[in-house]
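Secondary and tertiary structure notes
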There are 2 protein chains.
Amino acid sequence: MTSEEPRHRVVVVGGGFGGLNVTRALAHADVEVTVVDRTNHHLFQPLLYQVAAGILPPGLIAPALRHVIRKQRNARALLADVHDLDLAHRVVRAEGPDGRPLELPYDTLVVAAGATHSYFGRDEWARFAPGMKTVEDARRLRDRILSAFEMAELAGDPSERAEWLTFVVVGAGPTGVELVGQVAELAHQVLPMDYRSVDTTEARILLLEGTETVLPPFAPKLRRYTHERLTRMHVEVRVETLATGMDDESITFKGPEGEETVRARTRIWAAGVRASPLARMLAEQTGAATDRAGRIAVNPDCTLPGRLEVFAIGDMVSLNKLPGVAQPAIQEGKYVGKVIKARLAGDERIPPFKYLDKGSMATIGYRSAVADAFGVKVTGWIGYAMWGFIHMLYLIGWGNRLGTLYTWARALVFSKNRGHRIITFEQAHDQTTMHGAEPPPGPSSSSAPPGPVE
Amino acid sequence: MTSEEPRHRVVVVGGGFGGLNVTRALAHADVEVTVVDRTNHHLFQPLLYQVAAGILPPGLIAPALRHVIRKQRNARALLADVHDLDLAHRVVRAEGPDGRPLELPYDTLVVAAGATHSYFGRDEWARFAPGMKTVEDARRLRDRILSAFEMAELAGDPSERAEWLTFVVVGAGPTGVELVGQVAELAHQVLPMDYRSVDTTEARILLLEGTETVLPPFAPKLRRYTHERLTRMHVEVRVETLATGMDDESITFKGPEGEETVRARTRIWAAGVRASPLARMLAEQTGAATDRAGRIAVNPDCTLPGRLEVFAIGDMVSLNKLPGVAQPAIQEGKYVGKVIKARLAGDERIPPFKYLDKGSMATIGYRSAVADAFGVKVTGWIGYAMWGFIHMLYLIGWGNRLGTLYTWARALVFSKNRGHRIITFEQAHDQTTMHGAEPPPGPSSSSAPPGPVE
């Protein structure tokens, strides 16, 4: 370091809602912030399902992290994958994209590494029912969903076609509801006119939920509305139903009416999350507890037991049983930024973190959402407008806000199209290979898809 | 086929400019059109370099082919890869994305399969210097270009950093000029503020061209302007210079001043194209000649010798020495549609294809282009405006036109950003692996990148 007195070094692991908000809160502090993320972008996850549905291009919700913080001259972004947190030596170890080792010494460490999918111990299901946490995940889901319709169009055999037209979403939290709503919209509203051999409205779309209701944390009125609305959108909602098995072409689940196997080529996992493995690493070094989802218990000020210079925030912590959504991470990030600044000013008596519940919302489909915010519970297009307005506010950058507004307006006007329907051929290939689809046995079924074009 | 009398079956191989225009020209004909493409989209190639540069999301220039033709009820799109044209049995053989065999019998066949990169017999260069023909190619180029700056930021060693900051574009046709202009804009205008350890304006950017000038087919005035403008944008233009060797980290080329090797991690190939292998397949079955670039010689009405029911158009044919750009393919497509309709009406005396030269244009960089159209030769921002206006006209769909207009306006206003800068981590990994970058040998060079943040 070239300056006379070394500045206080803050290393932030993760450039999501938590990490970005810590960084920004330190904008005018006399510190040196390094944000390490294994992607080059800050992802606005609440809109990620719209990438999977072909509505939004990922760029609008995933600005380059280093661009977001470009004006904050005391911060820098590094593209690297953190694999070791050495609390004893106060150093973070990471790898660059080419495997190059990086060592980042710190005075204060903030770990905001988020969460990933959890298959409840059935990790082999990951290949049968992918989840959606990253831009790449969303793009692959888009590939899968759209190419399922393509494969149905190519299928000569009616039962194979039906398999390609069957979609099962596991988990009816906000992500599951939003994804299943999009699949229903694609099948019933967007795609029908584009296909010749296939009637996409014949698609069978199931939503499985282990608890007794869709959107468990929402108010009963909103849950009822969501259930009814999904049913009207031709989604079969199965509550108290758990996936019990999967293979290349089918999924088995058990509900109140017993066990059932459905042949379905496209399965989407939105059921469980598990904290980043870095949570366990912190727990091992500090004796902090972790819960079933691998989330670490932090002190009321987000520090770790016996390591007051180490903070953990966001989806990887179990603080006050907050939900794994954006708001807790954002608020914890801002709070930790304040704590760090106060400490540098010599003030150690910071009140513990307090969460301000700003409500929750989820879209169901075309001009329909449920929202529970500002003390009111709204549904339908009012909920949809509220949802849109709030998400617009939280997006980063006016360019992205206007671009998203335009794209939504376009999706409402041209409701029979989606602007971003590219299938990556290599991935379509992977998918079908992954699905284990085999070419039909004989030349009899190998001819062109049946049915004349009109 | 369920109708009483089978309709005339037209199979179109390729959904690019040629194939799409044949299909559209047959909209009101009593035929059944099947367009087969191995991607699900119609690609507007003239703007593909803007995807590689992070300006446009690919969706805006690559609408789903089946959506583009959705209202044309006598046409359908199939996602399949054609591998055999059996002219004797009048059948096209293809494979679905899962390898499933498809047989498409035809009465009339139109082959519009385009072209791919050519490395002039040095196919091993493909991994060192990728080209740009598909959406995936453009996304990978974007990954490469953007992650080169990321790797430079991570590099501790100055000489390694310089390698990551050296870019070489091979070939100074419109694509090469447009790509090199974008790299220069990124390094000098867009990215400088986003990096801390690296000064991106130190980037060294070379453009190699085998002939004696940039943009060989353009008027001398426009070529001079382009050369000067690129030089002012800090691009080293080397004419009469041919690549003679490449490896993981460097490129060797030979020019008027002898042979030189430059260490450069990012090389981009824009030098040569070769017709689709289907051209050779047609040539073998008809005795038609092919030229050095593998393009097939067709009759003046785009049919093949002795096979009047088979047409070939676009980049894969060598008709009247037309350039491999959009206009010949579009015009040939429309023409062949007319020929097919006339024949069905019993009229065999169609005049041969005649090309109407609408001019040519290329962008150089920020608000600068050269255009030679309507009899005038313009440069600078007037050329840029003309270029933008014309490309806007040719885009498909108002949603895409407005979206592109918005994105361009955004790029002009927020000229220090690019809206679509996502790096796919897996690909960044591939890249560096592909580039053969090894982790530094000892722990001495493995520490965090040097230099304090300001």
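Not measured: the values here are computed from a predicted model.

Cut-offs used in this document
- Residues numbered from 1 in each chain as written.
- Chains lettered and ligands numbered in written order.
- Predicted model: local features only at pLDDT ≥ 70, side-chain atom pairs only at ≥ 80, totals over all residues.
- Core = buried A, V, L, I, M, F, W, Y, C linked by C-beta atoms within 7 Å.
- Buried ≥ 20, exposed ≤ 12 C-beta atoms within 10 Å, placed from the backbone.
- Contact = placed C-beta atoms within 7 Å.
- Axes fitted to C-alpha atoms, helices over the stretch in contact; angles between N-to-C directions.
- Helix = DSSP H or I, 4+ residues; strand = E, 2+ residues; numbered from the N terminus.
- Parallel < 35°, antiparallel > 145°, perpendicular 65-115°, else oblique.
- Nonpolar A, V, L, I, M, F, W, Y, C, P; charged D, E, K, R; others polar.
- Domains from an automatic or database assignment.
- Pairing = 2+ DSSP bridges.
- Expected span 1.5 Å × (residues − 1).
- Right-handed = clockwise from strand over helix to strand, strands pointing away.
- Arc of directions from axis to C-beta.

Some details on the nonpolar core
- Membership of the largest hydrophobic core comes to 280 residues, with the highest contact counts inside it found for A:Ala312 and B:Ala312.
- Sequence-distant contacts of A:Ala312, that is, excluding residues within four places in its chain, are made with A:Val111, A:Ala279, A:Leu282, A:Ile296, A:Val298, A:Cys302, A:Leu304 and A:Val317.

Notes on the packing of helix H11 (residues 398-413) of chain A against helix H11 (residues 398-413) of chain B
- Relative to each other, H11(A) and H11(B) sit at 175°, their axes nearing to 11 Å. Taken as axis vectors, H11(A) and H11(B) run roughly antiparallel relative to one another. Of the residues in H11(B), those in contact with A:Gly399, A:Gly403, A:Tyr406 and A:Arg410 of H11(A) are B:Gly399, B:Gly403, B:Tyr406 and B:Arg410.
- A breakdown of the residues in the contact of H11(A) with H11(B) according to their chemical character gives two nonpolar, four polar and two charged.

Topic: the domain arrangement of chain A
Residue and element names in this part refer to chain A.
- Assigned domains of chain A: these are domain 1 (8-117 + 273-344) and domain 2 (123-271 + 423-427).
- Between the C-alpha centres of domain 1 and domain 2 there is a distance of 32 Å.
- Taken together, the contact between domain 1 and domain 2 spans 13 residues of the former and 18 residues of the latter.
- Elements with a minimum of two residues in the side of domain 1 that touches domain 2: helix H2 (48-52) and strand E8 (115-117).
- Here the side of domain 1 that touches domain 2 takes four residues from H2, the largest share from any one element.
- For the side of domain 1 that touches domain 2, a count of residues per class yields nine nonpolar, four polar and no charged.

Overview of the sheet that holds strand E9 (residues 166-170) of chain B
Residues and elements named next belong to chain B.
- Ordered in space as E11-E10-E9-E15, the four strands form an open sheet in which the pairing is parallel. The open sheet has two edge strands with one neighbour each: strand E11 (235-238) and strand E15 (266-269). Across the sheet, the mean angle separating the axes of adjacent strands is 15° when strand polarity is ignored.
- Inspection of the sheet shows E9 paired to strand E10 (residues 204-208) by five bridges, in the parallel sense. Its bridge partner lying in E10, Val169 is registered against Leu207.
- Of the strands in this sheet, E10 and E11 are in contact with helix H7 (residues 220-232), which crosses E11 at around 140°.

Observations concerning the sheet that holds strand E2 (residues 31-37) of chain A
Residues and elements named next belong to chain A.
- An order of E3-E2-E1-E7-E18-E17 is seen for the six strands of this open sheet, with the pairing classed as mixed. Only two strands of the sheet have a single neighbouring strand rather than two, namely strand E3 (75-79) and strand E17 (303-304).
- Of the pairings in the sheet, the one linking E2 to E3 comprises five bridges and is parallel in character. The residue bridging Val36 from the neighbouring strand is Leu78, located in E3.
- Taken strand by strand, helix H8 (residues 277-286) contacts strand E1 (8-13), strand E7 (108-111), E17 and strand E18 (307-312), and its axis lies near 160° from that of E18.

A closer look at H7(B)
All names here are of chain B.
- The end-to-end C-alpha distance of H7 is 18 Å, a good match for the 18 Å that 13 residues give at a rise of 1.5 Å each.
- Every buried residue of H7 is accounted for by Leu222, Tyr225, Thr226, His227, Arg229 and Leu230.
- Tucked into the core, H7 has its buried residues touching helix H6 (174-190), E10, E11, strand E19 (360-365), strand E20 (368-373) and strand E21 (376-378).
- Of the residues trailing H7, His234 is marked for its positive phi of about 70°.

What about the pairing of strand E14 (residues 258-263) of chain A?
Residue and element names in this part refer to chain A.
- Sheet topology note: the strand E13 (residues 250-255)/E14 ladder contains six bridges and is antiparallel. Counterpart to Lys254 in the pairing with E14 is Glu259.
- Between E13 and E14, which pair antiparallel one after the other, the connecting turn spans two residues.

Regarding the pairing of strand E11 (residues 235-238) of chain A
All names here are of chain A.
- Side chains Val235 and Val237 of E11 all project onto a buried face; the interleaved residues Glu236 and Arg238 project onto a face where none is buried.
- Across four bridges, strand E10 (residues 204-208) lies against E11 in parallel orientation. Each bridged residue has a counterpart across the sheet, and for Leu207 the counterpart in E11 is Val237.
- As a crossover connection, the stretch from E10 through helix H7 (residues 220-232) into E11 is right-handed.

So, helix H10 (residues 380-394) of chain A
Residues and elements named next belong to chain A.
- Across its 15 residues, H10 extends 21 Å between first and last C-alpha, which sits within 8% of the 21 Å expected from 1.5 Å per residue.
- Among the residues of H10, those classed as buried are Gly383, Tyr384, Trp387 and His391. Buried residues in H10, looked at end-on, bunch into an arc of 100°, giving them a common side. Exposed positions of H10 whose direction lies more than 90 degrees from the buried face are Trp381, Phe389 and Leu393.
- Those residues of H10 that are buried lie in contact with strand E19 (360-365), strand E20 (368-373) and strand E21 (376-378).

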